[in-house]
Amino acid sequence: MSRNIALRLTGVHRSYGQGDSVLHILNNAEFELRSGEIVALVAPSGTGKSTLLHLAGLLEHPDEGEVYVDGLPCGTLADDKRTAIRRSDIGFVYQFHHLLPEFTALENIMMPQLIAGLPDKEARRRAAQLLDYMRIGHRADHRPAELSGGEQQRVAIARAVANAPLLLLADEPTGNLDPETAHYVFEALEALVRQSGLAALIATHNHDLAARMDRRVTISEGKIVSF
Ligand code: ADP
Ligand code: MG
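Conventions and cut-offs
- Residues numbered from 1 in each chain as written.
- Chains lettered and ligands numbered in written order.
- Predicted model: local features only at pLDDT ≥ 70, side-chain atom pairs only at ≥ 80, totals over all residues.
- Heavy atoms only, no water.
- Helix = DSSP H or I, 4+ residues; strand = E, 2+ residues; numbered from the N terminus.
- Rg over C-alpha atoms; globule rule 2.2 N^0.38 Å.
- Buried < 20%, exposed > 50% of the residue type's maximum accessible area, 1.4 Å probe, protein only.
- Contact = heavy atoms within 4.5 Å.
- Areas by Shrake-Rupley, 256 points an atom, 1.4 Å probe, with all protein chains shown as cover.
- Lys, Arg positive; Asp, Glu negative; His and termini not counted.
- Charge placed at Lys NZ, Arg CZ, Asp CG, Glu CD.
- Near = heavy atom within 4 Å.
- Polar contact = N/O pair within 3.5 Å; in protein donor to acceptor, adjacent residues only side chain to side chain.
- Nonpolar A, V, L, I, M, F, W, Y, C, P; charged D, E, K, R; others polar.
- Salt bridge = Lys/Arg side-chain N within 4 Å of Asp/Glu carboxyl O.
- Pairing = 2+ DSSP bridges.
- Axes fitted to C-alpha atoms, helices over the stretch in contact; angles between N-to-C directions.
- 1 Å grid on protein atoms, 1.4 Å probe; cavity = no way out; pocket = protein on both sides within 12 Å on 5 of 7 lines; lining within 4 Å.
- Points joined across faces, edges and corners; volume = space filled by probe spheres on them.

Colleague: Explain the overall build of the protein chain residue by residue, including any values.
Modeller: Secondary structure assignment for the protein chain yields 7 helices and 10 strands. At 17 Å, the protein chain has a C-alpha radius of gyration in line with the 17 Å of a compact globule built from 227 residues. When the 227 residues of the protein chain are sorted by exposure, 48% land in the buried category. Residue pairs at least 24 apart in sequence account for 71% of intrachain contacts in the protein chain once pairs closer than 6 positions are excluded. Accessible area for the protein chain stands at about 10,900 Å²; split by element, carbon and sulfur atoms hold 49% of it. The averaged location of the 29 negative side-chain charges in the protein chain is 5 Å from the averaged location of its 23 positive side-chain charges.

Colleague: So what about the site of ligand 1? Which residues, and what values?
Modeller: Contacts to ligand 1 come from Tyr16, Leu23, Ile25, Pro44, Ser45, Gly46, Thr47, Gly48, Lys49, Ser50 and Thr51. One of the side-chain nitrogen or oxygen atoms of Lys49 is found 2.8 Å away from an oxygen atom of ligand 1. Interatomic distance of 2.9 Å between a side-chain N/O atom of Ser50 and an oxygen atom of ligand 1. Summarising the interface, the protein chains cover 61% of the accessible area of ligand 1, which totals 560 Å² for the free molecule. Per-element accounting of the shell around ligand 1 gives the leading share, 3 residues, to helix 1 (residues 49-56). Grouping the amino acids of the shell around ligand 1 by side-chain chemistry returns 4 nonpolar, 6 polar and 1 charged.

Colleague: Give a detailed account of the pattern of salt bridges, specifying residues and quantitative values.
Modeller: Under the counting rule described, the total for this entry stands at 10 salt bridges. The shortest N-O distance in the salt bridge between Arg124 and Asp120 comes to 3.4 Å. Placement of the pair is Arg124 and Asp120 together in helix 4 (residues 120-133), with a separation of 4 residues, close to one helical turn. Since its relative accessible area comes to 41%, Asp120 is described here as partly exposed.

Colleague: Residues and numbers for the sheet that holds strand 7 (residues 167-171), please.
Modeller: Pairing within the open sheet is mixed, and its 6 strands lie in the order 6-7-8-3-9-10. Because the sheet does not close on itself, it has two edges, and the strands there are strand 6 (90-93) and strand 10 (223-226). The sheet shows a mean angle of 20 degrees between the axes of neighbouring strands, direction not considered. Examined bridge by bridge, strand 6 and strand 7 share 4 bridges and lie parallel to one another. Within strand 7, the residue paired with Phe92 across the bridge is Leu169. Packed on one face of the sheet, helix 5 (residues 149-160) meets strand 6 and strand 7 and runs near 165 degrees to strand 6.

Colleague: Mind laying out the layout of surface pockets, listing which residues take part and the relevant values?
Modeller: Volume-wise, the largest pocket comes out at about 590 Å³. Taken together, 20 residues make up the lining of the largest pocket; nearest its centre are Arg87, Ile90, Phe92, Pro112 and Arg159. Counting only elements with at least two residues in the lining of the largest pocket, the list comes to helix 2 (79-89), strand 6, helix 3 (105-115) and helix 5. In the lining of the largest pocket, the residues fall into 13 nonpolar, 4 polar and 3 charged.

Colleague: Summarise helix 3; cite the residues concerned and give the values.
Modeller: Working note: α-helix, 3.6 residues per turn, so residues spaced by three or four point in the same direction. Turning to helix 3, its buried residues number three or more, namely Ala105, Leu106, Asn108, Ile109, Met110 and Gln113. In the stretch just after helix 3, Gly117 is the one whose phi turns positive, near 100 degrees.

Colleague: So what's going on with empty space enclosed by the protein? Residues and values would help.
Modeller: Under the criterion given, the structure shown has 1 cavity of 30 Å³ or more. Estimated volume of the largest cavity: approximately 30 Å³. Lining the largest cavity are Pro173, Thr174, Phe186, Leu189, Ile202, Thr204, Leu209 and Met213.

Colleague: Tell me about the pairing of strand 9 (residues 215-220), and please be specific about residues and values.
Modeller: In terms of strand pairing, strand 3 (residues 38-41) meets strand 9 through 3 bridges, oriented parallel. Among the inter-strand pairings, Leu41 is bridged to a residue of strand 9, identified as Val217. Examined bridge by bridge, strand 9 and strand 10 share 4 bridges and lie antiparallel to one another. Looking at strand 10, one finds that Val217 is bridged to Ser226. Hairpin connection, strand 9 to strand 10: the antiparallel pair is bridged by 2 residues, and Glu221 has positive phi, about 50 degrees.

Coordinates in, geometry out; function isn't part of it.
Encoded structure:
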């Protein structure tokens, strides 16, 4: 398995103005995530987990510093390039599934592949394969509202990896689930990551799940530190 550095942050600063004061969320933050690695991001609410994931996912720009995806510095790239990298190399999973309500589970997973230009038949085949892999093949024709919370998140994870990204970013993906369901969803996610060799950074408040990942980091005084 290759051990490329899928994600690298160097000297990243990010602050928000709040009234007269400035909130320094990330302050000279450094971080590296290698292919095949699953890292837990565990920190209290309001410390900057989502901010970090959005910067890593090229959804936001750092005030200073650089974000490298697969070795490519992305900070100064034009927006269309960043979008292209986001679509091909990065999968994002949110706490709430963000699936398209009008479409079936299968269609939701096909969508990013169709946008990437894959033929319908191939997208359908891969979507069905991913649903089977997540053990919800029997739910392929259901719309999100007809799925349980755990099933919705498994579809969201399948959609995030549909285009075989090299980086999976998940923002409290099991935060809305009961502990047992969270366990099964994480197990499916872990199997997928292990099998595909992608790199994953997963924000979670669940210490049991965090304990099962390869490394654990937190945000402390604007830095990303292991614990
Ligand atoms: P977490 O995901 O760990 O709960 P966030 O990254 O969402 O934390 O937010 C970190 C801090 O930055 C919080 O105090 C939040 O209020 C603040 N913040 C986040 N986004 C903005 C924004 N767009 N404008 C101002 N403050 C923000
Ligand atoms: Mg958050």
